[in-house]
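# Chains, contacts and geometry: an overview
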Amino acid sequence: MKNKFSILLIAFMGLASLSYSQSGNADKKIGINWSGFVKADFMYDTRQVVNAREGHFNILPTSVNMVNGEDINDQANFNILAIQSRLKGAITGPDFFGMKTSGVIEAAFFGNSDGSTGEFRLRHAFVKLSNENLEILMGQYWHPMFVTAVFPGVYSFNTGVPFQPFSRNPQLRITTKGTVKFIGVLFTERDFKTRGASVSQSGIPQVHAQLQFGKATETLGGVGFNLKNSRPQLGEDNLTSTAFIGYFRTKLGDATWKAEVTYGQNMTDVLQVGGFGLANGDYVNNNTLSIWTEFQGDFSETMEWGLFGGYTKNDGFGEAINYVNGFLGSGVECAFRISPRIGWKSGNLKIGVEGEFTNAQYGSIDGNGDINTTGVDAVNNFRLLTTAIYKF
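Residues numbered from 1 in each chain as written. Predicted model: local features only at pLDDT ≥ 70, side-chain atom pairs only at ≥ 80, totals over all residues. Heavy atoms only, no water.

This part covers the overall build of the protein. From N to C terminus, the protein includes one helix and 26 strands. The C-alpha radius of gyration computed for the protein amounts to 22 Å, which stays within 12% of the reference 21 Å derived for 392 residues, consistent with globular compactness. Dimensions along the principal axes, computed over C-alpha positions, put the protein at roughly 70 × 50 × 50 Å. Out of the 392 residues in the protein, the part that is buried amounts to 47%. Here the contacts in the protein between residues at least 6 apart in sequence split such that 64% fall between residues at least 24 apart. Surface summary for the protein: the accessible area is close to 18,300 Å², and the carbon and sulfur share equals 58%. (Helix = DSSP H or I, 4+ residues; strand = E, 2+ residues; numbered from the N terminus. Rg over C-alpha atoms; globule rule 2.2 N^0.38 Å. Buried < 20%, exposed > 50% of the residue type's maximum accessible area, 1.4 Å probe, protein only. Contact = heavy atoms within 4.5 Å. Areas by Shrake-Rupley, 256 points an atom, 1.4 Å probe, with all protein chains shown as cover.)

Have a look at this one:
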């Protein structure tokens, strides 16, 4: 790992050197601007949680697990981690047949799995072409249902999961410019994949179409449609899944109000509860509704605040099933979260405190494909997070 990291740093320095050595040639000017941040998180949970990376990425409180008359998941946990720290290189260069060119390479120390926590891993890597009417992006970037103009500003690294769709995907994205934008995306899965199925083996990329209206500095809204074909097993038919998204943000005096709703099928690739199952020899989708809203603003130049709320509902299968597969949050009928935060900022440093109360109602799948919660108590977790973020 140390050798790989050393090679990566040498490559970065070589690229930076190239930018300086060619900066005097107007026809071949290449530049790179380095940025990023160091982030330290102190986390206390009142209950064990469904998570990733040593509890850093908090998703839901775990279900009840009774052993000798005691719920062993009803135990507190404390951790300190700095693995969210990241490095970004924004690259500019000569035009391509009259279109402006740029690129981004961004990586963090989050690792690609729990076993690789702390290792350097790719986040974003893309090339962008643009002119006055059009923008073309090729490479790895946010899933189109993670709208960069409308997403929760929480301090937690979960960024509102499982209420906010969350994924990064290799893609080809075309975006028109203006107050009304069309966004069309063809993409595949990599770090975040549909559980229990393969999208690459289906032979068809995911497709997304979105219309976006307005300006992020004033009022902005949008609607989108997603189509996914996955194959649970080689030699079997594809499972087609659809999803819809609607969102907006606007200014309310000195504050900003954001809201988003998604409704979709088999959305584990964007870290939503649900999955798919088998009914009479055919694979069927599970349906999930998720909504969230957030208010945020500044008390002063040095003090900010925010309040996030989210709700998700497992809408079942709509028919009797034989068994389930690829589930995230297995048995979760619904969940909600309330998360207030406050932060102090000066110069490049911000120190913030956030409380995150999450309630999850577990149950079992009935013969009709719905989740039965009769006799099952909901579980809660309260996470207290203190974070320090130093940007450069």
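Enumeration according to the criterion identifies one cavity of 30 Å³ or more in this entry. In this structure, the largest cavity occupies an estimated 70 Å³ of space. Lining the largest cavity are 13 residues, with Met145, Asn226, Ala243, Met267 and Asp269 positioned closest to its centre. When contributions to the lining of the largest cavity are tallied by element, the ones reaching two or more residues are strand 14 (220-230) and strand 15 (239-252). Top contributing element to the lining of the largest cavity by residue count: strand 15, with three residues. Considered class by class, the residues forming the lining of the largest cavity number four nonpolar, seven polar and two charged. (1 Å grid on protein atoms, 1.4 Å probe; cavity = no way out; pocket = protein on both sides within 12 Å on 5 of 7 lines; lining within 4 Å. Points joined across faces, edges and corners; volume = space filled by probe spheres on them. Nonpolar A, V, L, I, M, F, W, Y, C, P; charged D, E, K, R; others polar.)

Right, let's get into the packing of aromatic side chains. Throughout the structure, instances matching the rule amount to 19 aromatic pairs. Ring centres of Phe109 and Phe120 lie 4.8 Å apart, and the angle between their planes is 45°; this geometry places the pair in the tilted category. Linking Phe109 in the loop between strand 8 (99-108) and strand 9 (121-130) with Phe120 in the loop between strand 8 and strand 9, this pair joins segments that are eleven residues apart in sequence. Overall, Phe109 belongs to the partly exposed group, its relative accessible area being 28%. A ring pair is formed by Phe146 and Phe166, whose centres lie 5.9 Å apart and whose planes are at 90°; its orientation type is edge-to-face. Note that Phe146 is positioned in the loop between strand 10 (134-142) and strand 11 (168-176) and Phe166 in the loop between strand 10 and strand 11, a separation of 20 residues in sequence. (Phe/Tyr/Trp six-rings, centres within 6.5 Å; stacked < 30°, edge-to-face > 60°.)

The next subject is the sheet that holds strand 17 (residues 274-279). Spatially, 18-17-21 is the arrangement adopted by the three strands of the open sheet, whose pairing is antiparallel. Each edge of the open sheet is held by one strand with a lone partner, namely strand 18 (282-285) and strand 21 (323-328). For this sheet the average axis-to-axis angle between neighbouring strands, irrespective of direction, equals 20°. (Pairing = 2+ DSSP bridges. Axes fitted to C-alpha atoms, helices over the stretch in contact; angles between N-to-C directions.)

This brings us to the confidence of the model for the protein. Chain-level statistics for the protein give a pLDDT mean of 91 and a share of 93% at 70 or above. Between residues 1-25, whose pLDDT stays under 50, and residues either more than four places distant or in other chains, the model counts 20 contacts. (pLDDT = per-residue confidence, 0-100.)

Our next topic: the pattern of salt bridges. On inspection of all chains with the given rule, the structure shows 15 salt bridges. Across the pair Asp71 and Arg47 runs a salt bridge, and its minimum N-O distance is 2.9 Å. Remark: Arg47 occurs in the loop between strand 1 (31-45) and strand 2 (49-52) and Asp71 occurs in strand 5 (residues 70-71); sequence separation between them is 24 residues. As far as the burial class goes, Asp71 and Arg47 line up, both buried. Between Arg123 and Glu106 there is a salt bridge, with its nearest N and O atoms 3.1 Å apart. Of this pair, Arg123 sits in strand 9 while Glu106 sits in strand 8; the two residues are 17 residues apart in sequence, bridging distant segments of the chain. Within the structure, one salt-bridge network assembled from shared partners comprises Asp298, Glu304, Lys345 and Lys350. (Salt bridge = Lys/Arg side-chain N within 4 Å of Asp/Glu carboxyl O.)

Next up on the list: the environment of Thr159. Considering the arrangement of structural elements, one finds Thr159 in the loop between strand 10 and strand 11. Residues Thr159 and Gln212, 53 residues apart in the sequence, show an inter-C-alpha distance of 21 Å. A distance of 3.0 Å separates a polar side-chain atom of Thr159 from the backbone oxygen of Phe157. (Polar contact = N/O pair within 3.5 Å; in protein donor to acceptor, adjacent residues only side chain to side chain.)

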